[in-house]
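Residue-level listing of the chains:
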Amino acid sequence: MPTPKAKELRKYEKSLPISLLRAREATTRYFKPYIDRHDLTMPQWRVLRALAEEEGLDARTLSERCVILPPSLTRIFRSLTQRGLISQVECTDARRHRVTLTEAGRALFEEVVEESEPDYQRLAKAFGAERLESLLNLLSELRDTVEELNAEDAAEAPRPARRAAGGR
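It should be emphasised that the depicted structure is a prediction, and the values quoted were computed from it without experimental measurement.

The rules behind each value
- Residues numbered from 1 in each chain as written.
- Predicted model: local features only at pLDDT ≥ 70, side-chain atom pairs only at ≥ 80, totals over all residues.
- Heavy atoms only, no water.
- Helix = DSSP H or I, 4+ residues; strand = E, 2+ residues; numbered from the N terminus.
- Expected span 1.5 Å × (residues − 1).
- Buried < 20%, exposed > 50% of the residue type's maximum accessible area, 1.4 Å probe, protein only.
- Salt bridge = Lys/Arg side-chain N within 4 Å of Asp/Glu carboxyl O.
- Patch = residues over 30% accessible without salt bridge, like charges linked within 9 Å, V, L, I, M, F, W, Y side chains within 5 Å.
- Areas by Shrake-Rupley, 256 points an atom, 1.4 Å probe, with all protein chains shown as cover.
- Pairing = 2+ DSSP bridges.
- Core = buried A, V, L, I, M, F, W, Y, C linked by side-chain atoms within 4.5 Å.

Peer 1: Just give me the short version of helix α3 (residues 42-53), but keep the residues and values in it.
Peer 2: With 12 residues, α3 extends 17 Å from end C-alpha to end C-alpha; this agrees with the ideal 16 Å at 1.5 Å per step. Taken as a whole, α3 has its buried residues at M42, Q44, W45, V47, L48, A50, L51 and A52.

Peer 1: Break down the pattern of salt bridges for me, with residues and values.
Peer 2: Applying the stated criterion to the full structure yields 10 salt bridges. Here R24 ties to E25 by a salt bridge, and the two come within 2.9 Å at their closest N and O atoms. For R24, a relative accessible area of 45% puts it in the partly exposed group. Ionic pairing is found between R106 and E55, a salt bridge with its closest N-O pair at 3.9 Å. In this pair, R106 sits in helix α6 (residues 103-127) while E55 sits in the loop between α3 and β1 (57-58), placing the two residues 51 residues apart along the sequence. Here R106 falls in the partly exposed class, since its relative accessible area comes to 27%.

Peer 1: Explain a nonpolar patch on the surface to me, and be specific about the residues and the numbers.
Peer 2: A cluster of nonpolar side chains, L16, L20, Y120, L135, L136 and L139, forms an exposed patch at the surface whose accessible area comes to about 480 Å². Going through the elements one at a time, α2 (16-36) and α7 (129-156) are the ones with two or more residues in the nonpolar patch. Among the elements that line the nonpolar patch, the one with the most residues is α7, at three residues. Of note, L16 is situated in helix α2.

Peer 1: If you had to explain the sheet that holds strand β3 (residues 98-101) to someone new, which residues and values would you point to?
Peer 2: An order of β1-β3-β2 is seen for the three strands of this open sheet, with the pairing classed as antiparallel. The open sheet has two edge strands, β1 and β2 (86-89), and neither has a second partner. Judged from the two bridges that link them, β1 and β3 form a sheet pairing that is antiparallel. Looking at β3, one finds that L57 is bridged to V99.

Peer 1: Which residues make up the nonpolar core, and what are the values?
Peer 2: Ranked by internal contacts, the top residues of the largest apolar core, which has 26 residues, are L40, V47, L48, L51, L62, L80 and I86. Of all the secondary structure elements, the ones that give two or more residues to this core are α2, α3, α4 (59-66), α5 (70-82), β3 and α6.

Peer 1: How would you summarise unusual backbone geometry if you had to cite specific residues and measurements?
Peer 2: The backbone of D39 shows a phi angle near 55°, a positive value even though the residue is not glycine. When you line up the elements, D39 lands in the loop between α2 and α3. The phi dihedral of V67 is positive, around 55°, even though this residue is not glycine. On the secondary structure map, V67 appears in the loop between α4 and α5. Judged by relative accessible area, V67 falls into the exposed class, the value being 68%.

Here is the structure:
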């Protein structure tokens, strides 16, 4: 017999994290053949995609935009550089690692976009272009809201007590 607390929980199918994960997996499967065809991983594609919109991004910005941890991003940089798809950009701050698409990287990006665009349009038509745009806006708003809540929680979290001077 379920506990009263279990009865109050929303159904598994209505769990926000599960619903988002399932939508992500289905969408990734839909577009992944285009990435695979060019011997790219999804994280590598996210880096190329981000660099296609802005000339020369630093590692921290790419890590945040592409949702890739810094150690993984380092491996991705190495791989994409070896393939001639990205190159390092001179930066006045030696602590920052900035990269940009090479001509080959931009050509590959444009090729993948051209190949995948008909399926993107097919998806937009099947789901509804306006609904898809609304969904993207809502997801952005959801992310912003959750980040604000996390920032509030971090600000309200109790700070560890400081040790008295001289006492260790």
